[in-house]
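# Summary of the model geometry
In case you want the letters, here they are:
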Amino acid sequence: MEDEKIVELFLARDESAIARTAEKYGAALRKTAERILRDAGAAEECENETYLEAWGLIPPHEPRSYLFAFLGRITRHLAIDECRKRESLKRQGLFCELTREMEECIPAGSSAEEEADAEALKSTVNSFLEKCSEEQRNVFLRRYWFFDTVPEICARYGFSKSKVKTMLFRMREGLRRHLEREGYII
Amino acid sequence: MKDYELLDAVGGAKEEYIKSAAEGKKSSGR
């Protein structure tokens, strides 16, 4: 079913919206959560929670053109939050790798104690992505949005491992400089 | 700012960027 029709079901408060969403995007959402949670049960909980949150958010939101981006944001946030709470997950696996890589982007002098303004940070990340080429942006998002491994990115685009690693390294450097320019330092 | 806050913020990437990354070609490799 097309995204627009699924969104119409949500707007009409038709509960079949959830079943249609699950049919179309359930596997992808679960996979995203499972990549960093490494726990099929917890990933399924994130998936189900995503539907409930979407039910509460549509309306007022109407993500007609690309529902997956809207749902994926919710799933990612739930999974990251769960990892943050679960110390055992925080210290191992892909989540550990990803957060360590993100740490490289945080400007020196940025206060770890101070909670960043989430909306402002999203906008800054977007203004950074806007300056990148489509190829760079895709690789960056496959890694940090979809949580792909480097070999998976290589297979997707036919790039060598060193090319992907170098691209990601340069983009993390670029993001750090961008954050500095945007004032993310004390 | 904490590492996971930045990772979470990437989630707010524009829809068109996510779409492009989602639809990006799967190459048969070189």
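That block above? That's the structure.
In what follows, the accompanying structure is described. Position labels on residues start from 1 in each chain and follow its written sequence. Ligands are numbered from 1 and chains lettered from A, in the order in which they are written. The model is predicted, so local features are restricted to residues of pLDDT at least 70 and side-chain atom pairs to those at 80 or more, both for listing and for counting; the totals for chains, interfaces and linings are taken over all residues. Calculation of side-chain values draws on the structure's entire complement of heavy atoms; hydrogens and water are dropped beforehand.

## Regarding the packing of aromatic side chains
Aromatic rings in a pair are described by how distant their centres are and how their planes are angled relative to each other. Residues and elements named next belong to chain A. We apply this condition: Here the aromatic set is Phe, Tyr and Trp, taking the six-membered ring for Trp, and pairing holds for ring centres within 6.5 Å; pairs whose planes are under 30 degrees apart are stacked, those over 60 apart are edge-to-face, and all others are tilted. Buried residues are those whose accessible area, probed at 1.4 Å on protein chains only, stays under 20% of the maximum for their type, while exposed residues exceed 50% and partly exposed ones sit between those limits. Sitting over a ring, as applied to charges here, requires NZ of Lys or CZ of Arg to be within 6 Å of the ring centre and within 35 degrees of the ring normal.
Per the counting criterion, the structure on display carries 9 aromatic pairs over all chains. Ring geometry for Tyr157 against Phe159: centres 5.8 Å apart, planes inclined by 25 degrees, an arrangement best described as stacked. When sorted by exposure, Tyr157 lands in the same class as Phe159, which is buried. Among the aromatic residues, those joined into a cluster by ring pairs are Tyr25, Tyr66, Phe68, Trp145 and Phe146. The ring of Phe159 has Lys163 sitting right over it, with the charged end atom 4.3 Å from the ring centre.

## A few points about unusual backbone geometry
Residues and elements named next belong to chain A. Stated formally: For the purposes of this entry, the term helix denotes a DSSP run of H or I that reaches at least four residues, the term strand denotes a run of E that reaches at least two, and both are numbered from the N terminus.
Residues Ile58 and Pro59 are joined by a peptide bond in cis, for which omega reads -10 degrees. With omega at 10 degrees, the peptide bond leading from Pro59 into Pro60 counts as cis. Position of Pro60 among the secondary structure elements: in the loop between helix 3 (40–57) and helix 4 (67–85). Here Arg13, not a glycine, exhibits a phi torsion of approximately 55 degrees, which is positive.

## Considerations on the interface of chain B and chain A
Accessible area lost during the coming together of the parts is what is often quoted as the interface size. Stated precisely, the cut-off is as follows: Residue contacts are counted whenever heavy atoms from the two residues lie within 4.5 Å of one another. We define buried area as the total accessible area lost by two parts upon association, computed with a 1.4 Å probe and summed across both. Salt bridge criterion: a side-chain nitrogen from Lys or Arg within 4 Å of a carboxyl oxygen from Asp or Glu. Pairs of N or O atoms within 3.5 Å make up the polar contacts considered here, provided that, within protein, one atom can donate a hydrogen while the other can accept it, and that residues adjacent in sequence are counted only when both atoms are side-chain atoms. Polarity classes work like this: nonpolar for Ala, Val, Leu, Ile, Met, Phe, Trp, Tyr, Cys and Pro, charged for Asp, Glu, Lys and Arg, and polar for all others, with Gly in that last group.
Across the contact, 27 residues belong to chain B and 47 residues belong to chain A. At the boundary of chain B with chain A, total buried surface from both sides reaches about 3,600 Å², with 61% on carbon and sulfur atoms. Counting the contacts that link chain B with chain A gives 1 salt bridge. Glu130 of chain A serves as the salt-bridge partner of Lys14 of chain B, at 3.4 Å between the closest nitrogen and oxygen. Connecting chain B to chain A are 13 residue pairs in polar contact (both at pLDDT 80 or more). When residues of the side of chain B that touches chain A are traced back to their parent elements, those giving at least two are helix 1 (3–10) and helix 2 (15–23) of chain B. With 8 residues, helix 1 of chain B is the largest single contributor of residues to the side of chain B that touches chain A. For the side of chain B that touches chain A, the residue count by class is 11 nonpolar, 6 polar and 10 charged.

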